[in-house]
There are 2 protein chains.
Amino acid sequence: MNITIDREILLENLNVISRGLPNKSPMPILTGIKIETTDTDLFLTSSNTDISVEVLINDVSLKISEPGKTVVPGKQFIDIIRILGAKKINLYLDENNSLIIKGDKSEFNLKVMDYMDYPNIDFVTLENPLILESSELKSIIKETVFSTAQTEKKPILTGVNFNNKDNQLVVTATDSFRLAQKIISLDSYEDFNITIPNKSLDEMSKVLDSYDGKISLYFTSNKLLLKYKNVLFQTRLLDGNYPDTSKIIPNNFPIIIRFNRDELISAVERVSIMSPKDKEKDKETTYSIIKLSIKKDRIIEISTTNNILGSASEEIIPTDIEATNSITIGFSSRYFIEALRSFMSTEITISFSGEIRPFIIRGDYDVNLTQLLLPLRMD
Amino acid sequence: MNITIDREILLENLNVISRGLPNKSPMPILTGIKIETTDTDLFLTSSNTDISVEVLINDVSLKISEPGKTVVPGKQFIDIIRILGAKKINLYLDENNSLIIKGDKSEFNLKVMDYMDYPNIDFVTLENPLILESSELKSIIKETVFSTAQTEKKPILTGVNFNNKDNQLVVTATDSFRLAQKIISLDSYEDFNITIPNKSLDEMSKVLDSYDGKISLYFTSNKLLLKYKNVLFQTRLLDGNYPDTSKIIPNNFPIIIRFNRDELISAVERVSIMSPKDKEKDKETTYSIIKLSIKKDRIIEISTTNNILGSASEEIIPTDIEATNSITIGFSSRYFIEALRSFMSTEITISFSGEIRPFIIRGDYDVNLTQLLLPLRMD
């Protein structure tokens, strides 16, 4: 193997490939990046068994004077290409099983791994894709993934559920203390019901970070393949049935309050400095409890009491309020802020069903996004 | 106690006070900030026993309607003042032993600590100061403190030695693998020989970060007090005699090479990616070894070999070179880069005494600063 290529092009593709690289792996070969060329194209592959990534490079700057294939230590290879100052980079295999990396006055000699050890990565066959805008998928991830469970107690809850029925795609994430739901109308696509691991969605979001345009999604029963430009990004899916959450969202709200989103976030953040951190056995239920109540003159008070430190309170004048009765309701400040931050809207609406019932947040301009929180008991 | 003050003024002073606050302390009262007022002035004090800080505030925005004194939980008090949006802040003690902090629509109620528990902080008497420019002391700290020992094996080496004799102040730091030395001429001041803990110098540097102007230093046998504007910053000194390092710096250099500083740093950083991390028992001697050698055509090669990963090399054309013989010398890349970074000069000179002798680095414009490194054996 002997190739030259613009460093920028190689680095851009390695940044994508890095999303599939494990830090360490029970299979050491997977800490490597597979490099393979035909006479005209360069393929790079990485895999951590959950996620596999492949890029095809046929940039004009690529010159393949001798095709070949090898596996190089992934982290070190990326570090070297990142730190080199050169515009053009020359890569070739020498007789001592090393990849020589040359650029300007720098020369690196990187011992390669055994190509034969690298497992065959089985990418899904490219048939019948669902086409979405990259920005649409990135929004869905941002709006839902934070509500997935962080522990493996119920493994299915560590993923985000995508359930398409009659061209209505319902995307749901819940850790059983809160729920995020986004509904999207699809043009026309067969029904599917899959649950994607939260880590895979985080990586997918990073991979798509600098890309705007159409993406293609290919489904099988246990894998999802994302294709865009020259990139294949594949993830395993979670086994098992996602719980039915359709009846959790209440639909009768005696109290509806409108807020300026940023004003509300600031007030909650200030009060949270003094809020008690209750640690239960389960790490997932570590929260800071704050209290929201309607005061006289229809002013909203956000407050908290900490037995050791003291207390804090903030008054907010809501944009609008419809209330047939008063309410005092406690909840996790972190969950509340994460839910509020998922909205793009300047104005958001919180609808309460009762002091011990879940409440929901919606935004003026965030179409079909619902965030739900369970209240917490205050002692 | 009942006072109002501009939030900005209070916060600026609390940032100084925070340098003396311990994260935790065997004496819980020391996690508090002492607040004390006369009819006209506000005093804030913090101490972690090594470092004590006091500020006196008599800003025009300060209104003291009722003088008083208290001790408040330090971290929480600073967090609250930092996050408040208000321009003016009102602080008063209520009947329930709480400090009420009011600003705009926010109200915090912070339980206070027992003022009687706070130890008396004995600041050095203000007599016969050494006057320096703040920028001068900050430079000295930046140029030397990184070379102090990070372990307590020889406690005296965790400090920087300031030795003034006949108005020549020699500042030295060494961890016995490297040495930093700065020489300064003083106007006229009595001899002293003190060793200041590295952590105190780090905090001193942060305190002075936003201040340029004259500072006053007051010495006793076991304490140093820094005074500037409205701030007193006092640190304990290290016990014991600092080792005599006067004979360590060689004075005969058969090889002298001049480099562009940034070019050399970049080359060393690139090569270091591949350099072996040798861990000896002592954490302090964890280093990456790189090799410098003079090649034909008077080109300098920086290289490294890693038994597992491979190797790397860089060629640099020096600005100038005087050499009666060739040399190949190994050393810690981290220590080398830290030494190079301590210079402001664009051009630096490295003077070699021999392959197994210490070598020194000096800069064109960094007057009287010497960095010395011990070579490492290469296997």
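Computed from a predicted model, the values in this text were never measured in an experiment.

## Concerning the overall build of chain A
Right, so step 1: A tally of regular secondary structure across chain A gives six helices and 27 strands.
Right, so step 2: Dimensions of chain A, computed from the C-alpha atoms along their principal axes, are close to 80 × 50 × 35 Å.
Right, so step 3: Considering chain A as a whole, with its 379 residues, one finds that 56% of them fall into the buried category.
Right, so step 4: Across chain A, the fraction of contacts at a sequence separation of at least 24, relative to all contacts at a separation of at least 6, is 66%.
Right, so step 5: Summed over all atoms, the accessible surface of chain A reaches about 18,000 Å², with 47% contributed by carbon and sulfur.
Right, so step 6: For chain A, the distance from the average site of its 44 positive side-chain charges to the average site of its 53 negative ones is 4 Å.

## Describing the packing of helix α1 (residues 7-17) of chain B against helix α2 (residues 74-83) of chain B
All names here are of chain B.
Right, so step 1: As a packed pair, α1 and α2 sit with axes 10 Å apart at the nearest point and diverge in direction by 140 degrees. α2 is crossed by α1, and the crossing has left-handed handedness. Of α2, the residues touching α1 (which contributes Arg 7, Leu 10, Leu 11, Leu 14 and Asn 15) are Phe 77, Ile 78, Ile 81 and Arg 82.

## Considerations on the interface of chain B and chain A
Right, so step 1: Taken together, the 30 residues of chain B in the interface contact 30 residues of chain A.
Right, so step 2: Between chain B and chain A lies a buried interface of about 2,400 Å² when both sides are counted; carbon and sulfur atoms form 59% of it.
Right, so step 3: Between chain B and chain A we count 14 residue pairs in polar contact (both at pLDDT 80 or more) in total.
Right, so step 4: Of all elements in the fold, only α2, β9 (106-111), α5 (261-272) and β22 (310-316) of chain B reach the threshold of two or more residues within the side of chain B that touches chain A.
Right, so step 5: Class assignment of the residues belonging to the side of chain B that touches chain A gives a composition of 13 nonpolar, nine polar and eight charged.
Right, so step 6: Direction of pairing for strand β22 (residues 310-316) of chain A relative to β9(B): antiparallel, over a ladder of five bridges. By the bridge assignment for β9(B), Ala312(A) is matched with Phe108(B).

## A look at the nonpolar core
Right, so step 1: In terms of nonpolar packing, the biggest core is built from 98 residues, with Leu264(A), Phe336(A), Ile33(B), Leu44(B), Phe77(B), Ile101(B) and Phe162(B) touching the most fellow members.
Right, so step 2: The greatest single-element share of this core, amounting to six residues, is contributed by α1(B).
Right, so step 3: Those residues in contact with Ile33(B) that sit more than four places away from it in its chain are Leu14(B), Ile17(B), Leu21(B), Leu44(B), Thr45(B), Thr70(B), Val71(B), Val72(B), Gly74(B), Phe77(B) and Ile78(B).
Right, so step 4: Counting 97 residues, the second largest nonpolar core, distinct from the first, contains Val55(A), Phe77(A), Val112(A) and Tyr211(A).

## Overview of the relation of the copies chain B and chain A
Right, so step 1: Of the transformation placing chain B onto chain A, the axial shift is 0.0 Å and the rotation is 180 degrees, giving an RMSD of 0.0 Å. What the superposition gives is, in effect, a two-fold axis relating one chain to the other. Looking at the rotation axis and the C-alpha trace of chain B, the residue lying nearest is Asn23(B), at 16 Å.
Right, so step 2: Here 100% of the contact residues of chain B are again contact residues in chain A; the copies associate through an equivalent surface.

## Focus: the pattern of salt bridges
Right, so step 1: On inspection of all chains with the given rule, the structure shows 46 salt bridges over all chains.
Right, so step 2: Between Arg7(A) and Glu8(A) there is a salt bridge, with its nearest N and O atoms 3.9 Å apart.
Right, so step 3: For Asp6(B), the salt bridge is made with Lys88(B), and the minimal N-O distance between the two is 2.7 Å. Placement of the pair is Asp6(B) in strand β1 (residues 2-6) and Lys88(B) in strand β7 (residues 88-93), with a sequence separation of 82 residues.

## Side note on the sheet that holds strand β2 (residues 32-37) of chain B
Paired through backbone hydrogen bonds, the strands of a sheet run either parallel or antiparallel to each other.
Residue and element names in this part refer to chain B.
Right, so step 1: One open sheet holds the eight strands; their spatial order is β6-β2-β3-β4-β17-β16-β15-β10, and the pairing between them is antiparallel. Here the strands that pair on one side only, and so sit at the sheet edges, are β6 (69-73) and β10 (130-133). Going across the sheet, the axis of each strand differs from the next one's by a mean of 20 degrees, ignoring polarity.
Right, so step 2: Where strand β3 (residues 42-47) and strand β4 (residues 51-57) come together, six bridges link them in antiparallel fashion. In the sheet register, Ser 47 faces β4, and the bridge partner there is Ser 52.

## Remarks on the pairing of strand β16 (residues 223-228) of chain A
Residues and elements named next belong to chain A.
Right, so step 1: Here four bridges tie strand β15 (residues 214-219) to β16, and the two strands are oriented antiparallel to one another. Residue pairing for β16: Ser 216 is matched across the bridge by Lys 227.
Right, so step 2: The pairing of β16 with strand β17 (residues 231-236) spans six bridges and is classified as antiparallel. Looking at the pairing, Leu 226 lines up with Phe 233 of β17.
Right, so step 3: Counting the residues that bridge the hairpin from β16 to β17 gives two residues, and of these Lys 229 lies at a positive phi of roughly 40 degrees.

## Observations concerning the pairing of strand β27 (residues 369-373) of chain A
The side chains of a regular strand alternate between both faces of the sheet.
Residues and elements named next belong to chain A.
Right, so step 1: For β27, the buried fraction is high: five of the five residues fall into the buried class.
Right, so step 2: The alternating pattern of β27 places Leu 369, Gln 371 and Leu 373 on one face and Thr 370 and Leu 372 on the opposite face, and all of these are buried.
Right, so step 3: Bridging between strand β13 (residues 178-185) and β27 involves five bridges; their strand directions are antiparallel. The partner of Lys 182 across the bridge, within β27, is Leu 369.
Right, so step 4: Judged from the three bridges that link them, strand β26 (residues 359-363) and β27 form a sheet pairing that is antiparallel. Within the sheet, the bridge partner assigned to Ile 360 lies in β27 and is Leu 372.
Right, so step 5: Joining the antiparallel neighbours β26 and β27 is a turn of five residues, in which Asn 368 adopts a positive phi near 65 degrees.

About the criteria used
Residues numbered from 1 in each chain as written. Chains lettered and ligands numbered in written order. Predicted model: local features only at pLDDT ≥ 70, side-chain atom pairs only at ≥ 80, totals over all residues. Heavy atoms only, no water. Helix = DSSP H or I, 4+ residues; strand = E, 2+ residues; numbered from the N terminus. Buried < 20%, exposed > 50% of the residue type's maximum accessible area, 1.4 Å probe, protein only. Contact = heavy atoms within 4.5 Å. Areas by Shrake-Rupley, 256 points an atom, 1.4 Å probe, with all protein chains shown as cover. Lys, Arg positive; Asp, Glu negative; His and termini not counted. Charge placed at Lys NZ, Arg CZ, Asp CG, Glu CD. Axes fitted to C-alpha atoms, helices over the stretch in contact; angles between N-to-C directions. Left-handed = near helix turned anticlockwise from the far one by under 90°. Buried area = accessible area lost by both parts, 1.4 Å probe. Polar contact = N/O pair within 3.5 Å; in protein donor to acceptor, adjacent residues only side chain to side chain. Nonpolar A, V, L, I, M, F, W, Y, C, P; charged D, E, K, R; others polar. Pairing = 2+ DSSP bridges. Core = buried A, V, L, I, M, F, W, Y, C linked by side-chain atoms within 4.5 Å. Least-squares fit on C-alpha atoms with pLDDT ≥ 70 in both. Salt bridge = Lys/Arg side-chain N within 4 Å of Asp/Glu carboxyl O.

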